[in-house]
Amino acid sequence: MEFKDILEKFDIDGEYLSCVPYGSGHINRTYKAAFNRGGKEVHYILQKINSTLFTNVEGLMNNIELVTEFNRAKISENGGDPNRESLTIVRTKDGKTYYKTSENEYYRVYIFIENAKGYDVVEKPCHFYESAIAFGRFANLLDNFDSSQLFTVLPDFHNTVKRFENFKKSIEADKANRAATVKKEIDFALKQENIVSHIVDLLSSGEIPTRVTHNDTKLNNVLIDVNTDKAICVIDLDTMMPGSICYDFGDSIRFGCNPCAEDTPKTDEVVFSMPLFEEYTRGYLSVFSDSAKKAEKDNLAMGAILMTYECGIRFLSDYLDGDVYFRTNRANQNLDRARTQFKLVSDMQSRYNEMCRIVEKY
Ligand code: ADP
Ligand code: GN1
Ligand code: MG
């Protein structure tokens, strides 16, 4: 189906102009659509939902609708602009939150947030600090939301122990016949076995509370105002489900505390940035400290190491499986992503005490 015909199904006022690929997500396919509304060009985000991964699109969209409606009401109460500070679902003409084509493809539309950008690397430290404020506020929002209404979209998403088991299965299966060429990376990852259960154990014993978390808190999932450098809106709400703030904190750290892109082939230029770690910690704990338990704060640094490690083994598993999960547009991209994560893990491990001291400071 043509984009124009798909967009026609949604409740959008205006004449269709164009629809082009947009953004750099690894999971869904995102497009920016333009319409002419009475001489003014207006924009929307069209997303083809990855329904191979998200098998219950109804449940997924229901989660997003519940949380965005709750968020929008709070923003309005505080005098903010809900169309800019929250994702806003545009419904289909028959009132649904998504459209299913006859080829079983699923699409959704959001209001496009103008003059804002999701950054793939930290260009200004204040952006990273701002993203911490935004994710900290989002954690507070979810903390005040009745989470029993939410459906668990991807069970065991950040169960590092299961991720480790799956990684070993990928090595064993060696579907793409690549294991022999990445022995060094595999050995590094296997050697970390003693840390994989750290957070999972604390969650199952209840020492760390299971909260509803965002679960994909990288910098490019926060839109930053291009004029004011302020964080505007937390996006990419597909993975909101039970989790740990240690992992939400950690996912931001693994992505942002690196001067290079996540998939840089120049692994030797990857180095963990302690000043950026401090920026994020300062921002996050300035808004999400009262509700955070001591055991959570004590494990933020460990959350960063483990989240980075987990992402590393996910990338390496996908490389071994033949690049079937994360979108790639060149050879070895998943391998480069894995190498980046492992370099960060090893840097963080050697500076773990310093990281803990920074957390304590804030
Ligand atoms: P994925 O799950 O594939 O990562 P995202 O929902 O994160 O998809 O969207 C991909 C990119 O599209 C984002 O990083 C961001 O740059 C852009 N984007 C998404 N939603 C909006 C929006 N409502 N307004 C403006 N840009 C958006
Ligand atoms: C994926 O969708 P995106 O690009 O924001 C992935 C995350 C990974 C991330 C690595 C549903 O996020 O878990 O941490 O890539 N999302 C899913 O960049 O698997
Ligand atoms: Mg994204």
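From a predicted model like this one, the values you see are computed outputs, not experimental measurements. (Residues numbered from 1 in each chain as written. Chains lettered and ligands numbered in written order. Predicted model: local features only at pLDDT ≥ 70, side-chain atom pairs only at ≥ 80, totals over all residues. Heavy atoms only, no water.)

A. The overall build of the protein chain, seen in detail. Looking only at helices and strands, the protein chain has 13 helices and 11 strands in total. A globule of 362 residues ought to have a C-alpha radius of gyration of about 21 Å, and the protein chain, at 20 Å, matches this closely. Principal axes of the C-alpha set define a box for the protein chain whose edges measure 60 × 50 × 40 Å. Considering the protein chain as a whole, with its 362 residues, one finds that 53% of them fall into the buried category. The long-range share in the protein chain, meaning contacts at least 24 apart out of those at least 6 apart in sequence, stands at 73%. If you sum the accessible surface of the protein chain, you get close to 16,100 Å²; carbon and sulfur atoms cover 46% of it. (Helix = DSSP H or I, 4+ residues; strand = E, 2+ residues; numbered from the N terminus. Rg over C-alpha atoms; globule rule 2.2 N^0.38 Å. Buried < 20%, exposed > 50% of the residue type's maximum accessible area, 1.4 Å probe, protein only. Contact = heavy atoms within 4.5 Å. Areas by Shrake-Rupley, 256 points an atom, 1.4 Å probe, with all protein chains shown as cover.)

B. Focus on the pairing of strand S10 (residues 231-234). The pairing of strand S9 (residues 222-225) with S10 spans 3 bridges and is antiparallel. Bridging across to S10, Val222 finds its partner in Val234. (Pairing = 2+ DSSP bridges.)

C. Representation of the site of ligand 1 within the structure. In the neighbourhood of ligand 1, 19 residues make up the surrounding shell, with Asn28, Gln47, Ile111, Ile113 and Asp236 lying closest. One of the backbone N or O atoms of Ile113 is found 2.9 Å from a nitrogen atom in ligand 1. One nitrogen or oxygen atom from the main chain of Asn220 is found 3.1 Å from an oxygen atom belonging to ligand 1. For ligand 1, whose free accessible area comes to 550 Å², the fraction covered by protein is 95%. (Near = heavy atom within 4 Å. Polar contact = N/O pair within 3.5 Å; in protein donor to acceptor, adjacent residues only side chain to side chain.)

D. Representation of the packing of aromatic side chains within the structure. Scanning all chains against the criterion turns up 18 aromatic pairs. With a centroid separation of 5.8 Å and an interplanar angle of 45°, the aromatic rings of Tyr98 and Tyr106 are classed as tilted. For the pair Tyr98 and Tyr106, a shared accessibility class is recorded, and that class is buried. What links up through ring pairs into an aromatic cluster is the set Phe128, Phe249, Phe272, Phe277, Tyr280, Tyr284 and Phe288. In this structure, Arg178 is placed above the aromatic ring of Tyr319, and the distance from its NZ or CZ to the ring centre is 4.4 Å. (Phe/Tyr/Trp six-rings, centres within 6.5 Å; stacked < 30°, edge-to-face > 60°. Lys NZ or Arg CZ within 6 Å of the ring centre and 35° of its normal.)

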